[in-house]
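Structural features, examined
Residue strings, one per chain:
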Amino acid sequence: MRRLLTAIVISVTAMSGCGEKGYPSHLLVEKVATDELQALLVAPKATEPTSTVIVLGGSDGGYQSAAATAQELAEQGIAALAVAYFGIDGVPATLNEIPLEYFSNALKFIDQHPQLSRNQCGQIGVVGSSRGAELALLLGAHNSNFAPIAALSPSSHVWGGAGNTSAAWTFNGEPISYVPRHSNPNYDVTKFVGVDYFRSDLQHADADSARIPVTDIAGQVLLLAGTDDRLWPSAEMAQTLKQQFVEAQQPSKVQAFYFNDAGHVIAPGAPNDITEVTTPNGTTIVLGGNPSANQSAQDASLKAMVKIFKAPICRTRPEESNFDQAKLAQLRETVKQAGSSSMVLMENGEIAFEFGDIHEKHTIHSIRKAMLNSLYGIYSERGVIDLDITLAELEIDDIHGLSETEKSATVRHLLKSRSGVYHPSAATNEAMLAAMPERHSKKPDAHYVYNNWDFNTAGAIFEKLTGESIYDAFAREIAKPLGMLDYQGTFTTISEDTDISKLKVDGFYYYEPEKSKYPAYHMRMSAYDMALYGQLYANNGEWQGQQLVSADWIEQSTTSYSVTNSYMDFGYGMLWNVINPNEERATTSFYHTGVGIHMLGVYPASDLVFVHRVATESDYNFDQQNLYRIIGSIWSSRQ
C-alpha cells in the first residue's frame, strides 16, 4: 500500500525517542498533564528562577524525543519544557491542524511556575527538531514571545499534516498553507531515501506560498543541519532560510551551522547511531550520517544553543517600539540606497532596527576617542590617573620637542582637545591640518581645535600610567561586562603598506615616526558592540546592576567646554561631541563620528542609541549628506 512520506517521518522520529527513564537527583523533573498542556519539565535545581526554553520533538508529537534534548539543556543550567503536541493522551491523535495558540499554554505555565522565568529579553526560546523545527520557526514568526529559535534539521517551508490531506498547523482558526505534494515516492524499495522527493516538491511554484516567514521572528535564529541528511534536504532548506534574512538586510539575526557527514538525527541527547530505521512493516528509512559525525553535530549544536539561550540579543517587539514600522521600512530602503554597510537603532538596550551585518567589524576611525573615554573614567576614579597632572610631570616630550608652555598642559586639556600643543601627529588628515593653528600660538586651555596629537598622546599616557594596552583594558573593563560579541581585544601594529581590509584583529597601532613618537590607536568594532557601548552611556554607566563607568564621569565628559558649531549649538566635551540643550531640545545628547560617515549617537532622553557604519577599509562610495538624511529619517520615524 502506498503510504505518504509524512507518515514515515512520524514512525522514524517515534523510534528515535529517548523513552521514559530516571533522571539524576540534581535535576528538577515534573510531568505536566492538564487540560491545557501535556509536557515534561527538566530543569536544574536552583534557588532563583531559571531562564526557560521550550523543546519540541519531531513527528512523534509527544515529549519523549524532546525530553533527551531537554535534559542536555538542563545539565547546562537552562530549564527546558518538552511539550507534546499530538500523539498522546490529552492532545490530538495525529499531526493535523494543530493550533499554534496551543503553545501559549506553555508560556502561561512558565510564567506561573515559581522556578522558571523568561530570558532577559522577556521571551522564551524554542528548540525544535525536524517537524518540530518547522513548528519552532512558525511559532517565532507568529508570536514575538518566542525567541531565540533553534531549528535542528529544519525546513524552510510548511508541510502538510498526516496523510497530507490537511494542514499540519492552524493560526487564528485558519489552516497555514503547506507545500502540495507532486512527487510520487516509491516505497517498494529495500531502503527508502526521501530527500529527493522533498527537493522535487520544493521546485514547484505553488510551494512559495508555504515559505515560513522567518524574518518576522523577533530574535535570533539558529539553524543546524547535517549535510548528509537523507530524509529531507535540511542543509539546503537552512540555506534558503538564511537567504531570507540576507534579502531582508538582516543577516546578523541568523546563524547557520552545517555539519559535514551528519544525518537527520542531530538533536542533543539522541542516540548518535541512528542512521537508518526499520518500521514495523519492514520498510527501512535512510536518515544519513554516521555515529561520529552525528555526535560531533550534537555536541556543536548544544554548545551553540546554550550560547544564544544564555545570552540572547534583545530586539524590540514591533508592538512595543516607539518607531512607526512603515517608516522604518522606508528608512531601510534609504540606508540601502545610501551605501551603508550596517546600522543599528537600539531602544532601552534592545535592537529596534538593524541593517546589514551588524556583527561585521570595521575600523571605527575617530570614534576610538569615545571608547578611550570610558577607560579614563574608570582609572581616574580608581586613582590611577590624575587628570590634572601635567605633561612635564609625566615626562612627555616628542621628536620635535615641546616647549615649557606646551608641557604645562594637563591630561584633562588633552581629553578636551585644548592642550595648545600643535606638534605633528599620526593619522592626521588634510582637513585637520588646515584647521591647526601655528605651533606655540596658543596657551593650554585657551583654544579648542580637533587635534590628533592630543588624542594619540592621551592613549600613550593611559598605557604609561596603567602598564597595559588600551585594547586589553577595554576588553576586560568594558567589552566583557557588556557582553560584546565581536570585540575580543586582539591587536597588532601596522605600517602604511598593511592591507587593513584583511585584518581580523580588534585594534592596531599606527606609527608615523617622522611626525611623532606616539601612535594612533585604531579600533575595529561591529555595529552591535558599538551600540552596547552607547547604551552603557545612555544608562549613565550602569549595566545590569553594575556601575561600570561613574555617572559623574559621563556628566563631566558630555558637558560642552568648547563651541564647535554655534548655529547648531554643538560643542566638545571630553572625547565626546555634545549636542547642547536649547529652546528646541530640552536635554543633552552626544555623539562621535569617524571620517564624517561612521557615527555613534547617544540620546539619553529618548533612550536611543544610533550606530552607522560604512565599509571604509576598502573602496567605498558614501556621500556624507546621506548620513544627515538617515538621521532625519530616524527622527521622522519616531511615534
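The rules we used
- Residues numbered from 1 in each chain as written.
- Predicted model: local features only at pLDDT ≥ 70, side-chain atom pairs only at ≥ 80, totals over all residues.
- Heavy atoms only, no water.
- Helix = DSSP H or I, 4+ residues; strand = E, 2+ residues; numbered from the N terminus.
- Rg over C-alpha atoms; globule rule 2.2 N^0.38 Å.
- Buried < 20%, exposed > 50% of the residue type's maximum accessible area, 1.4 Å probe, protein only.
- Areas by Shrake-Rupley, 256 points an atom, 1.4 Å probe, with all protein chains shown as cover.
- Salt bridge = Lys/Arg side-chain N within 4 Å of Asp/Glu carboxyl O.
- Axes fitted to C-alpha atoms, helices over the stretch in contact; angles between N-to-C directions.
- Parallel < 35°, antiparallel > 145°, perpendicular 65-115°, else oblique.
- Contact = heavy atoms within 4.5 Å.
- Nonpolar A, V, L, I, M, F, W, Y, C, P; charged D, E, K, R; others polar.
- Phe/Tyr/Trp six-rings, centres within 6.5 Å; stacked < 30°, edge-to-face > 60°.
- Disulfide = S-S within 2.5 Å.
- Left-handed = near helix turned anticlockwise from the far one by under 90°.
- Pairing = 2+ DSSP bridges.
- 1 Å grid on protein atoms, 1.4 Å probe; cavity = no way out; pocket = protein on both sides within 12 Å on 5 of 7 lines; lining within 4 Å.
- Points joined across faces, edges and corners; volume = space filled by probe spheres on them.
- Core = buried A, V, L, I, M, F, W, Y, C linked by side-chain atoms within 4.5 Å.
- Expected span 1.5 Å × (residues − 1).
- Polar contact = N/O pair within 3.5 Å; in protein donor to acceptor, adjacent residues only side chain to side chain.

Considering the overall build of the chain
Looking only at helices and strands, the chain has 17 helices and 29 strands in total. A compact globule built from 639 residues would reach a C-alpha radius of gyration of about 26 Å, and the chain, at 29 Å, matches this within 12%. In terms of overall dimensions, the chain has a C-alpha envelope of 95 × 50 × 50 Å along the principal axes. Scored against the burial criterion, the 639 residues of the chain give a buried share of 58%. Carbon and sulfur atoms make up 47% of the accessible area of the chain, which totals about 25,100 Å².

Structural notes on the pattern of salt bridges
Summed over all chains, the structure comprises 21 salt bridges. E134 is the salt-bridge partner of R131, the closest N and O atoms lying 2.8 Å from each other. Of this pair, R131 and E134 both sit in helix α4 (residues 131-142), separated by three residues, roughly a single helical turn. For the pair formed by R131 and E134, the shared burial category is buried. Between R211 and D208 there is a salt bridge whose closest N-O contact spans 3.8 Å. Given the relative accessible area of 48%, D208 is considered partly exposed.

What about the packing of helix α9 (residues 368-381) against helix α14 (residues 470-482)?
One can describe the packing of α9 onto α14 by two numbers: an axis separation of 10 Å at closest approach and a directional angle of 75 degrees. When the axes of α9 and α14 are compared, the pair comes out roughly perpendicular. In contact with M371, L372, S374, L375, I378 and Y379 of α9, α14 contributes I470, A473, F474, R476, E477 and I478. In the contact of α9 with α14, the residues fall into nine nonpolar, one polar and two charged.

Some points on the environment of K416
Among the secondary structure elements, K416 is positioned in helix α11 (residues 411-416). Judged by relative accessible area, K416 falls into the buried class, the value being 13%. Here the alpha-carbon distance between K416 and Q535, two residues 119 residues apart in the chain, equals 23 Å. Apart from the residues within four sequence positions on either side, K416 is in contact with Y448, Y561, Y572, G573 and M574.

Overview of the packing of aromatic side chains
Where two aromatic rings form a pair, the distance of their centres and the angle of their planes describe that pair. What the rule picks out here adds up to 26 aromatic pairs. Here Y85 and F86 contribute two aromatic rings whose centre-to-centre distance is 5.5 Å and whose plane-to-plane angle is 65 degrees, an arrangement assigned as edge-to-face. The residues Y85 and F86 share a single accessibility class, namely buried. Here the aromatic residues F474, Y487, Y533, Y537, W576 and F590 are joined through ring pairs into a cluster of three or more.

Considering the state of the cysteines
According to the stated counting rule, one finds one disulfide in the structure shown. Linked covalently through their sulfurs, C121 and C314 form a disulfide whose S-S length is 2.0 Å. Given an S-S torsion of about -85 degrees, the disulfide between C121 and C314 has left-handed geometry. With a gap of 193 residues between them, C121 in the loop between β6 (116-117) and β7 (124-129) and C314 in the loop between α7 (291-310) and α8 (325-338) connect regions that are remote in the sequence. A single burial state applies to C121 and to C314, both of which are buried.

Some words on the packing of α9 against helix α13 (residues 452-466)
Between α9 and α13, the shortest axis-to-axis distance is 11 Å and the interhelical angle comes to 35 degrees. For the element pair α9 and α13, the recorded crossing hand is left-handed. On α13, the residues that touch R368, K369, L372, L375, Y376 and Y379 of α9 are N452, F455, N456, A458, G459, I461, F462 and T466. Each residue belonging to the contact of α9 with α13 can be placed in one class, and the counts come to eight nonpolar, four polar and two charged.

Considerations on the pairing of strand β17 (residues 350-356)
In terms of residue burial, β17 counts as a mostly covered element, since seven of its seven residues are buried. Bridge count for strand β16 (residues 342-347) against β17 is six bridges, and the pairing is antiparallel. Opposite S342, over in β17, you have G356 as the bridge partner.

Here's the deal with the layout of surface pockets
Counted as a void, the largest pocket has a volume near 1,300 Å³. Considering the residues around the largest pocket, the lining is formed by 45 residues, among which N577, Y591, H592, T593 and G596 are closest to the centre. Going through the elements one at a time, α9, α12 (430-435), β24 (562-565), β26 (577-579), β27 (589-594), β28 (598-603) and α17 (624-636) are the ones with two or more residues in the lining of the largest pocket. The residue makeup of the lining of the largest pocket, split by class, is 23 nonpolar, 18 polar and four charged.

Quick notes on the pairing of β27
Burial runs high along β27: five of the six residues are buried. Pairing between β26 and β27: three bridges, direction antiparallel. Residue pairing in the sheet places I579 in a bridge with S589 of β27. Note: β27 against β28, five bridges, orientation antiparallel. Paired with Y591 across the strands is G601, a residue of β28. Between β27 and β28, which follow one another and run antiparallel, lie three residues, and V595 among them has a positive phi close to 45 degrees.

Considering the nonpolar core
In terms of nonpolar packing, the biggest core is built from 72 residues, with M371, Y376, F474 and M484 touching the most fellow members. Top element by residues in this core is helix α15 (residues 527-538). It accounts for nine residues. Discounting residues that sit within four places of it in the chain, M484 has contacts with F474, I478, A479, M525, D529, L532 and Y533. In this structure, V91, L100, I149 and L223 belong to the second largest nonpolar core, which totals 59 residues.

Observations concerning α13
With 15 residues, α13 extends 21 Å between its outermost C-alpha atoms, agreeing within 8% with the 21 Å of an ideal straight helix rising 1.5 Å per residue. Within α13, 11 of the 15 residues are buried, which leaves it mostly tucked inside the rest of the structure. Residues of α13 that are buried: N452, W453, D454, F455, N456, T457, A458, G459, I461, F462 and T466. Looking at the buried positions of α13, the neighbouring elements they touch are α9, α11, α12, α14, β21 (520-525) and β25 (570-572). Structurally, the start of α13 carries an N-cap: the backbone nitrogen of W453 is 2.9 Å from a side-chain oxygen of N451. In the segment just after α13, G467 is the residue with positive phi, at about 75 degrees.

In short, the description is geometric, and any link to function would need to be established separately.
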